[in-house]
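One-letter residues, chain by chain:
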Amino acid sequence: MSAKNSISRRQFVAGASGLVLAGAAGKAAEKPVPADGPKLAIDGGEKAVQVKCSAGPRWGDVEQKQLEAMLKQRSLFYWKGPQTKLFLERFREFCPVKYAQNCSSGTAAIHIAVAAAGIGLGDEVITSPVTDIGTAIGVLYQQAVPVFADLGLGTHNLDPADVERRITPKTKAIIAVHLTGNPCDLDALRALADRHDLVLIEDCAQAWGAKYRGRPIGTVGDIGCFSLQNSKHITCGDGGVVGSSDERFGPLLQKYGDKGGNRSKWGGFDGFATNYRMSEPQAAVAAAQLTRLEEIAAKRNRLGNLLTENIADVPGVIPHEVHPKDRAVYWFYFFRLRPDALRCTRSQFCKALWAEGAAVRGGYIGVPLYGEPVFQNHGFFAGRWPVKEMGLTTMDFTKHRCPNAESMLTEGIRVPIYEYQTEEYILQVAAAIRKVAKHYAA
Ligand SMILES: Cc1ncc(COP(=O)(O)O)c(C=O)c1O
């Protein structure tokens, strides 16, 4: 790793967000003018959030029964495994695709999709910079180049206009990340993909049960990828699934998840891939969890929308923007502050909300993916990046900029949404946001 290119995460945040942070710090130095209205809890007033919601169990009898059935089997291997079969049947019921392959993670699902799409040396794949790094890992392992496009101000999803600006003759695919379970503008991305002959991959890791204009998420793009990691709507600890109805890609999913060999028509290894298999115990839990999905998705959708309805008119706040015809499933809720309309920093706003009893957090990931040291150093493979050294890309992540993505992380506030929360709780969180925003209004 060259010292010249080396940049720490802290330095990046300071550099990339300098303006925003400097502005906020300047405002913080001003003493808040006492506002009308009820006293903030942080100043000794009454808390806006009085309701407590306790988390219930995430699994129980259904999973236990399925695991007991699994333990009666002689094999725990996925191929022809009854649990895998059941899981994939249930997956197809809610995400109707012709081909589906379960695998070890969401990262694996995306890598399988990218490999099946034929992405390789020096190809460019446009995606969101605000996502889990698992969105980009498969692209890099294929020796392709992730190109990050900016996001919509309130949707936090790919801005199709910026995606279009970043298309070059090397672009081969778009990975649309449905961040927090809010569907991307798939009509616009589909049109772009069709016009430029690109593969549209949906990253549905955070979007179990979401719908785009009534269509199940994962079925509008060419390939859909889901994660079953522990924090997701449904889980088996770790796991993933990838699906497609496209005859160009669907038949390749199994072999790219299983070392490059086609098990239904064994002819040796005509492809090359790693082992991304999911075992039967995981498939049993995942199959059982799918029976809970609709209830979880419906509840989160209701709670998130309720929060929007109740903060939509709060000055200084930009609510989470969801298309009225879509079903967002709120892996979390994300709203932004308008720094010019408030006399406080985000940190002060969050502290005030905490004191009101709303367990919010500032931001999401620390920096956009391109700001992470491994991107800033172009150090993906033992500290090096062969594609760049071979002159197949001019990508320089130290110069990459996506202003909305950057400000989203410095001005945004994350509200946890869970199926066990009550509407009353969400209404009180909304009241807390209103109270704090009013207090700090410029
Ligand atoms: C949007 C997104 N994409 C991809 C992934 C990767 O999934 P996994 O952690 O199962 O590899 C995640 C997981 O956090 C995610 O949130």
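Scroll up to find the structure this text is about.
Keep in mind it's a predicted model, so treat the numbers as computed, not measured.

**Concerning the environment of Thr 291**
- Among the structural elements, Thr 291 can be located in the loop between helix 10 (280-290) and helix 11 (293-311).
- Within polar-contact distance, the side chain of Thr 291 engages the backbone oxygen of Ala 288 at 2.6 Å.

**A word on the sheet that holds strand 2 (residues 124-127)**
- Within the open sheet, the seven strands sit side by side as 1-9-8-5-4-2-3. Their pairing is mixed. In the strand order of this sheet, the two ends are held by strand 1 (99-103) and strand 3 (145-148), each with one partner. Averaged over neighbouring strand pairs, the angle between their axes works out to 20 degrees when direction is ignored.
- Sheet topology note: the strand 2/strand 3 ladder contains four bridges and is parallel. From the neighbouring strand, Val 125 faces strand 3, where its bridge partner is Pro 146.

**Description of the nonpolar core**
- Ranked by internal contacts, the top residues of the largest apolar core, which has 69 residues, are Phe 87, Phe 91, Val 130, Trp 208 and Tyr 364.
- When residues in this core are grouped by element, the largest group, five residues, is from helix 10.
- Those residues in contact with Tyr 364 that lie beyond four places of it in its chain are Val 130, Thr 131, Asp 132, Leu 179, Gln 206, Trp 331, Phe 332, Phe 334, Leu 409 and Arg 414.
- In terms of nonpolar packing, the next biggest core, distinct from the first, is built from 35 residues, Ile 311, Leu 337, Val 360 and Ile 417 among them.

**Description of the pattern of salt bridges**
- A complete count under the given rule lists 24 salt bridges for this structure.
- Note that Glu 164 is salt-bridged to Arg 195, the shortest N-O span being 2.8 Å. A residue pair is termed long-range when its members are at least 10 positions apart, and Glu 164 in helix 7 (residues 160-165) and Arg 195 in helix 8 (residues 186-196) qualify at 31 residues.
- Of the residues examined, Arg 195 reaches a relative accessible area of 54% and is grouped as exposed.
- Here Asp 313 ties to Arg 434 by a salt bridge, and the two come within 2.8 Å at their closest N and O atoms. Within this pair, whereas Asp 313 is found in the loop between helix 11 and strand 10 (317-318), its partner Arg 434 is found in helix 16 (residues 423-439), the two being separated by 121 residues in sequence.
- Residue class for Asp 313 comes out exposed when judged on its relative accessible area of 54%.
- Each of the salt bridges in this network shares a partner with another, and the network as a whole consists of Arg 190, Asp 194, Asp 222, Asp 246 and Arg 248.

Reading the values: the criteria
- Along each chain, residue indices are assigned from 1 in the same order as the chain's sequence is written.
- Side-chain atom pairs in this predicted model are given and counted only at pLDDT of 80 or more, local residue features only at pLDDT of at least 70, and totals for whole chains, interfaces and linings cover all residues.
- The basis for every side-chain value is the complete set of heavy atoms in the structure, and neither hydrogens nor water enter the calculation.
- Runs of H or I in DSSP of at least four residues are treated as helices and runs of E of at least two as strands, each being numbered from the N terminus.
- In the analysis that follows, any N or O atom pair within 3.5 Å is treated as a polar contact, provided that within protein one partner can donate a hydrogen and the other can accept it, and provided that, for residues neighboring in sequence, both atoms belong to side chains.
- Only strands joined by at least two bridges in the DSSP assignment are considered to pair.
- Where helices are involved, their axes are fitted lines through C-alpha atoms of the stretch in contact, as for all axes, and angles between N-to-C directions lie from 0 to 180°.
- Among the buried residues, those of types Ala, Val, Leu, Ile, Met, Phe, Trp, Tyr and Cys that are joined through side-chain atoms within 4.5 Å form a nonpolar core.
- Think of it in three bands: residues with accessible area under 20% of the maximum for their type are buried, residues over 50% are exposed, and the middle band is partly exposed, with areas taken using a 1.4 Å probe on protein chains only.
- When checking whether two residues touch, look at their non-hydrogen atoms; a contact exists if any pair is within 4.5 Å.
- The salt bridge definition used is simple: a Lys or Arg side-chain nitrogen within 4 Å of an Asp or Glu carboxyl oxygen.

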